[in-house]
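Given next are the chains, with one letter for each unit.
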Amino acid sequence: AQKVTQAQTEISVVEKEDVTLDCVYETRDTTYYLFWYKQPPSGELVFLIRRNSFDEQNEISGRYSWNFQKSTSSFNFTITASQVVDSAVYFCALIPNQGGSEKLVFGKGTKLTVNP
Amino acid sequence: ETGVTQSPTHLIKTRGQQVTLRCSSQSGHNTVSWYQQALGQGPQFIFQYYREEENGRGNFPPRFSGLQFPNYSSELNVNALELDDSALYLCASSLGPGGPYEQYFGPGTRLTVT
């Protein structure tokens with residue numbers, strides 16, 4: 001079975017703090033794909049990153065960075081020097097390599113509130 | 001480049017009625033996926049269409065059905081609405097299958113069933 005767990009339901013930080021959002025996934029497939037999406041209050045899911053299971057290199061994009069560790073089945077997301085505009089619900093998702101449809105399996109999300 | 005659009009934005013229906021939601025895919029994308037997002041939950045996959053054919057389905061009853069048109073736009077139809085169908089319905093388009101490629105989402109349709 002495929003499953004994504006985001007144990008942190010809500011996180012509240014003060015602007016300029018660093019914050020890490022945790023994501024743990026389960027899949028029996030050897031090839032799979034991991035994603036992070038941001039959902040601001042407007043409701044539209046915004047794509048942030050895709051990572052395949054063969055690429056364990058960490059990635060940095062501006063204030064965002066991602067840490068992928070196959071050994072612990074984790075794909076954590078860190079925002080450095082958080083800003084109020086980062087306030088949103090963040091979803092981690094998985095596409096298992098089962099062939100056929102490429103359905104995203106989402107976690108329940110982590111609501112991040114950045115206070116001024 | 002035009003993004004994914006959905007209509008209507010909001011909809012209120014009565015239990016037992018039928019509803020049709022519409023989605024226009026991003027320019028150049030041939031695959032459309034539909035998701036249901038209940039309040040406080042992550043989106044749940046309903047089904048995906050690739051070149052007018054259903055290409056996978058989630059754990060939703062047959063009263064959830066869909067179509068994809070030659071221009072790759074899509075419709076989601078729900079018959080015999082139930083109170084639990086109240087949710088945000090999200091459409092996503094992608095270049096897939098074969099990637100998998102990033103799925104780009106529309107703003108959603110908020111459906112309320114009373």
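My aim in this report is to walk through the structure given alongside it, one point at a time. (Residues numbered from 1 in each chain as written. Chains lettered and ligands numbered in written order. Predicted model: local features only at pLDDT ≥ 70, side-chain atom pairs only at ≥ 80, totals over all residues. Heavy atoms only, no water.)

Regarding the overall build of chain A
Line of reasoning, step 1. Counting its secondary structure elements, chain A contains zero helices and twelve strands.
Line of reasoning, step 2. Counted from the first residue to the last, chain A has its helices and strands arranged as β-β-β-β-β-β-β-β-β-β-β-β.
Line of reasoning, step 3. Whereas a compact globule of 116 residues would reach a radius of gyration of roughly 13 Å, chain A reaches 14 Å, a difference of no more than 12%.
Line of reasoning, step 4. Projected onto its principal axes, the C-alpha coordinates of chain A cover approximately 45 × 30 × 20 Å.
Line of reasoning, step 5. In chain A, which comprises 116 residues, the proportion classed as buried is 46%.
Line of reasoning, step 6. Put simply, 56% of the contacts in chain A that link residues at least 6 apart link residues at least 24 apart.
Line of reasoning, step 7. For chain A, the exposed surface amounts to about 5700 Å²; the carbon and sulfur share of it is 46%. (Helix = DSSP H or I, 4+ residues; strand = E, 2+ residues; numbered from the N terminus. Rg over C-alpha atoms; globule rule 2.2 N^0.38 Å. Buried < 20%, exposed > 50% of the residue type's maximum accessible area, 1.4 Å probe, protein only. Contact = heavy atoms within 4.5 Å. Areas by Shrake-Rupley, 256 points an atom, 1.4 Å probe, with all protein chains shown as cover.)

Brief notes about the layout of surface pockets
Line of reasoning, step 1. Here the largest pocket is characterised by a volume of approximately 550 Å³.
Line of reasoning, step 2. Lining the largest pocket we find 29 residues, and of these Gln39(A), Val89(A), Phe91(A), Gln37(B) and Gly40(B) sit closest to its centre.
Line of reasoning, step 3. Counting residues per element, the ones that place at least two in the lining of the largest pocket are β10 (88-96) and β12 (110-115) of chain A.
Line of reasoning, step 4. By residue class, the composition of the lining of the largest pocket is ten nonpolar, 15 polar and four charged.
Line of reasoning, step 5. Val105(A), Phe106(A), Pro43(B), Gln44(B) and Phe45(B) are, among the 19 residues lining the second largest pocket, the residues nearest its centre.
Line of reasoning, step 6. Broken down by secondary-structure element, the contributors of at least two residues to the lining of the second largest pocket are β11 (105-106) of chain A together with β4 (31-37) and β5 (44-50) of chain B.
Line of reasoning, step 7. For the lining of the second largest pocket, a count of residues per class yields eight nonpolar, nine polar and two charged. (1 Å grid on protein atoms, 1.4 Å probe; cavity = no way out; pocket = protein on both sides within 12 Å on 5 of 7 lines; lining within 4 Å. Points joined across faces, edges and corners; volume = space filled by probe spheres on them. Nonpolar A, V, L, I, M, F, W, Y, C, P; charged D, E, K, R; others polar.)

Describing the sheet that holds strand β1 (residues 5-7) of chain B
Residue and element names in this part refer to chain B.
Line of reasoning, step 1. The four strands are arranged β1-β3-β8-β7 in an open sheet whose pairing can be described as antiparallel. Only two strands of the sheet have a single neighbouring strand rather than two, namely β1 and β7 (64-68). Within this sheet the neighbouring strands show an average axis-to-axis angle of 20 degrees, counted without direction.
Line of reasoning, step 2. Bridge analysis of β7 against strand β8 (residues 74-78) gives five bridges, and the strand direction is antiparallel. The residue bridging phenylalanine 64 from the neighbouring strand is valine 78, located in β8. (Pairing = 2+ DSSP bridges. Axes fitted to C-alpha atoms, helices over the stretch in contact; angles between N-to-C directions.)

So, the environment of Asp29(A)
Line of reasoning, step 1. Tracing the chain through its elements places Asp29(A) in the loop between β4 (24-26) and β5 (32-39).
Line of reasoning, step 2. The spatial distance from the C-alpha of Asp29(A) to the C-alpha of Ser82(A) is 34 Å, given a sequence separation of 53 residues.

Some points on the nonpolar core
Line of reasoning, step 1. Trp36(A), Phe75(A), Phe77(A), Tyr90(A) and Leu112(A) are the most contacted members of the largest nonpolar core, which has 23 residues in total.
Line of reasoning, step 2. Every element with two or more residues in this core is listed here: β2 (10-14), β3 (19-21), β5, β8 (64-69), β9 (74-79), β10 and β12 of chain A.
Line of reasoning, step 3. Sort the elements by how many residues they give to this core and β10(A) lands first, with four residues.
Line of reasoning, step 4. Among the nonpolar cores identified, the runner-up in size contains 20 residues, and Leu21(B), Val32(B), Phe64(B) and Tyr89(B) belong to it. (Core = buried A, V, L, I, M, F, W, Y, C linked by side-chain atoms within 4.5 Å.)

Here we look at the interface of chain A and chain B
Line of reasoning, step 1. If you look at the interface, chain A gives 20 residues, while chain B gives 24 residues.
Line of reasoning, step 2. Linking chain A to chain B there are one salt bridge.
Line of reasoning, step 3. Across the pair Arg50(A) and Glu102(B) runs a salt bridge, and its minimum N-O distance is 3.4 Å.
Line of reasoning, step 4. In this assembly, chain A and chain B are joined by six residue pairs in polar contact (both at pLDDT 80 or more).
Line of reasoning, step 5. Counting residues per element, the ones that place at least two in the side of chain A that touches chain B are β5, β6 (46-52) and β10 of chain A.
Line of reasoning, step 6. At four residues, β5(A) tops the list of elements feeding residues into the side of chain A that touches chain B. (Salt bridge = Lys/Arg side-chain N within 4 Å of Asp/Glu carboxyl O. Polar contact = N/O pair within 3.5 Å; in protein donor to acceptor, adjacent residues only side chain to side chain.)

Honestly, it's all geometry; don't read function into it.
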